[in-house]
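# Understanding the architecture of this molecule
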2 protein chains.
Amino acid sequence: MPSFRTIGVIGGMGPAATADFLGLLVAGVAAARDTDHPRVLIDSNPHVPDRNAAALHGAASPGPALAAMAHGLVAQGAEVLAMPCNAAHGWADAITAAPFISMIDAAVAEAMAYCPQAIGVLGVGATLALDLYGRASPVPVLAGDLAVVQPAVNAIKAGDTGAAVRLALAGEAARLRDAGAEVIIAACTEVPLVLRAGDVPLPLINSTAALARATLAAARLPDRVAP
Amino acid sequence: MPSFRTIGVIGGMGPAATADFLGLLVAGVAAARDTDHPRVLIDSNPHVPDRNAAALHGAASPGPALAAMAHGLVAQGAEVLAMPCNAAHGWADAITAAPFISMIDAAVAEAMAYCPQAIGVLGVGATLALDLYGRASPVPVLAGDLAVVQPAVNAIKAGDTGAAVRLALAGEAARLRDAGAEVIIAACTEVPLVLRAGDVPLPLINSTAALARATLAAARLPDRVAP
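Residues numbered from 1 in each chain as written. Chains lettered and ligands numbered in written order. Predicted model: local features only at pLDDT ≥ 70, side-chain atom pairs only at ≥ 80, totals over all residues. Heavy atoms only, no water.

### Points about the interface of chain A and chain B
- The partner chain B presents 33 residues to the 33 residues of chain A that form the contact.
- In total, about 2,500 Å² of surface goes out of reach between chain A and chain B, with carbon and sulfur atoms giving 54% of it.
- Joining chain A to chain B, the criterion identifies four salt bridges.
- Close ionic contact of Arg39(B) with Asp43(A) constitutes a salt bridge, the shortest N to O distance being 2.4 Å.
- Across the contact surface, chain A and chain B share seven residue pairs in polar contact (both at pLDDT 80 or more).
- Counting only elements with at least two residues in the side of chain A that touches chain B, the list comes to α1 (15-27), β2 (40-44) and α3 (63-76) of chain A.
- A total of seven residues in the side of chain A that touches chain B trace back to one element, the largest contributor, which is α1(A).
- Looking at the side of chain A that touches chain B residue by residue, the class counts come to 17 nonpolar, 11 polar and five charged.
- Across five bridges, the pairing between β2(A) and strand β2 (residues 40-44) of chain B is antiparallel. (Contact = heavy atoms within 4.5 Å. Buried area = accessible area lost by both parts, 1.4 Å probe. Salt bridge = Lys/Arg side-chain N within 4 Å of Asp/Glu carboxyl O. Polar contact = N/O pair within 3.5 Å; in protein donor to acceptor, adjacent residues only side chain to side chain. Helix = DSSP H or I, 4+ residues; strand = E, 2+ residues; numbered from the N terminus. Nonpolar A, V, L, I, M, F, W, Y, C, P; charged D, E, K, R; others polar. Pairing = 2+ DSSP bridges.)

Set out below in structure tokens:
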């Protein structure tokens, strides 16, 4: 008897973040056997039109591609959808094929558990340009400096997860603390591939892990009670 | 312009092995940008009928479920199929929807690069009962003791990746060396989640990594030459 609804993952933005998300979904289940896990359908598609180019330069919208991926996953059996890419949530309205678990809302909910006066956000491109966190947060959001965060994210996407990249992101988190942030959200799926809790002088919310927890919670079926 | 055909993954056997395989596919591409990666479609389905029960006790065949997963992936666009589960290869003949990259053949090919007189195999259940490696190998195959390997694999599936499990598997590899094996194949996708090259006194072939390399090689499209 499955314990979960089938999870569909709109992925590939980027591919490493999707692999990270799948690992977190697996690790997040207290499983004694394979069959305790949810079925997970993934479309890891790195050819979705660029989210940042669409938000910043008016390039082709990724919305139709995301909608098509959602429909494909639901046709295969997905009952709950998640998308481990913050920036792509600018086009989340295009995803209507099944209930959609918002990564932005999941990360903000975890941040608000610390009752912060302000939240610091390490994100890039469309996440900032469309103010995705500012629109979802009940408290002010302070954005990390793109001149620091964007090169770090580009380096991680190219496979560089070294100390220089980690230190750059940690320094930006410290600057946001000095500006008043009381929690930091790693609001780009590449960031937590490098930046860990011990690197930051504040609580650090991993948006990928927050989405994994929220997705498993939404997919879990109620326990059956013996008659 | 995509550099790869779309890869379909028949997964979930077990879920952690599929997450490991996706991570290896991503890490195996020398990518500067997201768009350099292949599109990867995954059906991580932990509810496929038990491979070991089918091989050992005549329980329901997993073949029809594997065939249906393959068709679903191809319907979504998969052009090359891979299945990161050694035991399930006992039913690989059921997978006909697209070209199938055999994990067994990929691991044996990597082992044979060492020109061994015999190969040691750390596997379980159907992998051993159906002699999948013996049938694929041009040299004799020595199987690890199930009384050691099966409890280790069960522990890993339940989330135990500790030192005791690693030592048990390393001890069995050493025993196979004493019996004449010159290469060891980690022939169950759970084994390389714990056992690393330095733990074994012989070359260690990770069947999951061998499949990732073979799958990327099979999916890669020829470079276009400028006219």
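### Things to note about the sheet that holds strand β8 (residues 204-206) of chain A
Residue and element names in this part refer to chain A.
- The sheet built from four strands is open, its strands ordered β6-β5-β7-β8 with parallel pairing. The outermost strands of the open sheet, each flanked by one partner alone, are β6 (141-143) and β8. Averaged over neighbouring strand pairs, the angle between their axes works out to 25 degrees when direction is ignored.
- Here strand β5 (residues 119-122) pairs with β6 via three bridges, running parallel. Looking at the pairing, glycine 120 lines up with leucine 142 of β6.
- On top of the sheet, helix α8 (residues 163-178) reaches β5, β6 and β7 (183-186); it is set at about 155 degrees to β5, its chief contact. (Axes fitted to C-alpha atoms, helices over the stretch in contact; angles between N-to-C directions.)

### Digging into helix α7 (residues 146-157) of chain A
Residue and element names in this part refer to chain A.
- An ideal rise of 1.5 Å per residue puts 16 Å on 12 residues; α7 measures up with 16 Å between its terminal C-alpha atoms.
- Those residues of α7 that sit buried are Val149, Ala152, Val153, Ala155 and Ile156. Along α7, the residues classed as buried sweep out an arc of 160 degrees about the axis, all on the same side.
- Turning to α7, the residues buried within the fold contact β5 and α8.
- Between a side-chain oxygen at the N-terminus of α7 and the backbone nitrogen of alanine 147 the separation is 2.9 Å; the capping residue is aspartate 145.
- Positive phi appears at glycine 159, one or two residues downstream of α7, with a value of about 100 degrees. (Expected span 1.5 Å × (residues − 1). Buried < 20%, exposed > 50% of the residue type's maximum accessible area, 1.4 Å probe, protein only. Arc of directions from axis to C-beta.)

### Focus on the domain arrangement of chain A
Residue and element names in this part refer to chain A.
- Under the domain assignment used here, chain A contains domain 1 (7-102 + 211-219) and domain 2 (104-207).
- Spacing between the C-alpha centres of domain 1 and domain 2 amounts to 20 Å.
- Tallying the contact residues gives 20 residues for domain 1 and 20 residues for domain 2.
- For the pair domain 1 and domain 2, the summed buried area comes to about 1,500 Å², and 54% of that belongs to carbon and sulfur atoms.
- Of all residues in domain 1, Asn86, Ser102 and Arg213 give up the largest surface area on contact with domain 2, accounting jointly for 36% of the area buried on that side. (Domains from an automatic or database assignment.)

### As for the pairing of strand β1 (residues 7-11) of chain A
All names here are of chain A.
- Of all five residues making up β1, five are buried, and the element is well covered by its neighbours.
- Residues Ile7, Val9 and Gly11 point to one face of β1 and Gly8 and Ile10 to the other, with burial holding for every one of them.
- The parallel pair β1 and β2, bridged by α1, forms a crossover whose chirality is right-handed.
- With three bridges connecting them, β1 and strand β3 (residues 80-82) associate as parallel partners. (Right-handed = clockwise from strand over helix to strand, strands pointing away.)

### Some words on the sheet that holds strand β7 (residues 183-186) of chain B
Residue and element names in this part refer to chain B.
- With parallel pairing, four strands are arranged side by side in an open sheet as β6-β5-β7-β8. Of all the strands in the sheet, the pair left with one neighbour each is β6 (141-143) and β8 (204-206). The mean angle between the axes of side-by-side strands here comes to 25 degrees, regardless of whether they run parallel or antiparallel.
- Sitting on the sheet, helix α4 (residues 103-112) touches β5 (119-122), β7 and β8, and the angle it makes with β7 is about 160 degrees.
- Against the sheet, helix α8 (residues 163-178) contacts β5, β6 and β7, and its axis sits at roughly 155 degrees relative to β5.

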